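Residue-level listing of the chains:
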Amino acid sequence: MMHELEINYFLEGLKYIKGNFFIDAIEQFKKLVKEFPDSELADDAEYNISLCYYELNQFDSAIKNIHKLIKDYPDATITVLGAGNEFGRTAAKSYLLMINCYLALGEVEKTSEILTSMEPYDDSYIIVNDGKRVTYHDLAKSAIDLYRKFK
């Protein structure tokens with residue numbers, strides 16, 4: 001059972017992200033992970049920390065945090081708190097973010113191994129505007145293809 005405090009940390013962190021207060025969001029999510037490391041929200045908090053680093057153009061920090069997240073929470077699932085249209089495992093979503101970090105760094109050659117790691121996650125997807133399911137693997141492949149097209 002989740003504690004009210006961990007839920008509050010998480011929702012407060014999401015509010016900070018929506019307001020583009022990424023450093024404040026990182027602090028909220030870090031509090032959640034530190035105080036509730038076994039929480040079902042801990043993996044999602046770690047993902048959001050990585051996302052904030054990405055938004056701050058701190059791609060190396062994001063990548064490092066994603067590696068930690070996947071190591072610490074390999075089978076964790078995406079929370080329904082604040083998400084709604086994302087389903088499946090947090091690792092799949094995290095791999096997509098990692099690929100976006102490498103593309104932002106111009107290191108497209110590092111993405112093929114990650115893309116291969118994503119293949120088993122066909123149970124992890126986002127529902128797009130028309131109600132269609134798109135896997136994180138397909139989103140990653142599209143991002144890489146688009147990057148190559150314009151480089």
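All figures in this text were calculated on a predicted structure; none of them were measured in a lab. (Residues numbered from 1 in each chain as written. Predicted model: local features only at pLDDT ≥ 70, side-chain atom pairs only at ≥ 80, totals over all residues. Heavy atoms only, no water.)

Student: Is there a simple way to explain the overall build of the chain in this structure?
Tutor: Regarding its fold elements, the chain presents seven helices and three strands. Starting at the N terminus and ending at the C terminus, the chain contains elements arranged as α-α-α-α-β-α-α-β-β-α. Relative to the globule expectation of 15 Å for 151 residues, the C-alpha radius of gyration of the chain, 15 Å, shows essentially globular dimensions. Each of the 151 residues in the chain was classed as buried or not, and the buried ones make up 46%. The long-range share in the chain, meaning contacts at least 24 apart out of those at least 6 apart in sequence, stands at 56%. When the accessible surface of the chain is totalled, it reaches about 8,500 Å², and 52% of it is carbon and sulfur. (Helix = DSSP H or I, 4+ residues; strand = E, 2+ residues; numbered from the N terminus. Rg over C-alpha atoms; globule rule 2.2 N^0.38 Å. Buried < 20%, exposed > 50% of the residue type's maximum accessible area, 1.4 Å probe, protein only. Contact = heavy atoms within 4.5 Å. Areas by Shrake-Rupley, 256 points an atom, 1.4 Å probe, with all protein chains shown as cover.)

Student: Sorry, what's going on with the packing of helix 5 (residues 90–104) against helix 6 (residues 111–118) here?
Tutor: Interaxial distance between helix 5 and helix 6 falls to 10 Å at its minimum, and their mutual angle equals 170°. Considered as vectors, helix 5 and helix 6 are oriented roughly antiparallel to each other. Residue-level contacts link A92, Y95, L96, M98, I99, Y102 and L103 of helix 5 to T111, I114, L115, S117 and M118 of helix 6. (Axes fitted to C-alpha atoms, helices over the stretch in contact; angles between N-to-C directions. Parallel < 35°, antiparallel > 145°, perpendicular 65-115°, else oblique.)

Student: Would you mind going over the sheet that holds strand 1 (residues 86–87) with me for this structure?
Tutor: Backbone hydrogen bonds hold the strands of a sheet together, and the pairing may be parallel or antiparallel. Taken in spatial order, the three strands line up as 1-2-3 in an open sheet, and their pairing is antiparallel. Two strands lie at the open edges of the sheet, namely strand 1 and strand 3 (133–135), each paired on one side alone. Of the strand pairs in this sheet, strand 2 (residues 125–127) and strand 3 are connected by three bridges, and their pairing is antiparallel. What sits directly across from Y125, in strand 3, is T135. (Pairing = 2+ DSSP bridges.)

Student: Would you mind showing me how to read the nonpolar core here?
Tutor: Taken as a class, soluble globular proteins show a tendency for nonpolar side chains to be buried jointly. Of all hydrophobic cores here, the largest spans 50 residues; its most connected members are F29, Y95, I99, L103, M118 and Y136. Those elements that provide at least two residues to this core are helix 1 (4–18), helix 2 (22–35), helix 3 (42–55), helix 4 (59–72), helix 5, helix 6 and helix 7 (136–150). With 10 residues, the single largest contributor to this core is helix 5. Contacts of I99, omitting those with residues within four sequence positions, involve T111, I114, L115, M118, A140 and I144. (Core = buried A, V, L, I, M, F, W, Y, C linked by side-chain atoms within 4.5 Å.)

Student: Help me out: how do you make sense of the packing of aromatic side chains in this one?
Tutor: Two aromatic rings are characterised by how far apart their centres lie and by the angle between their planes. In the structure shown here, the tally under the stated rule is four aromatic pairs. Aromatic side chains Y95 and Y121 sit 6.0 Å apart centroid to centroid with 55° between the ring planes, which places their arrangement in the tilted category. Here Y121 lies in the loop between helix 6 and strand 2 and Y95 lies in helix 5, a separation of 26 residues in the sequence. Judged by relative accessible area, which is 14%, Y95 ranks as buried. On the basis of relative accessible area, Y121 is assigned to the buried category, the value being 11%. (Phe/Tyr/Trp six-rings, centres within 6.5 Å; stacked < 30°, edge-to-face > 60°.)

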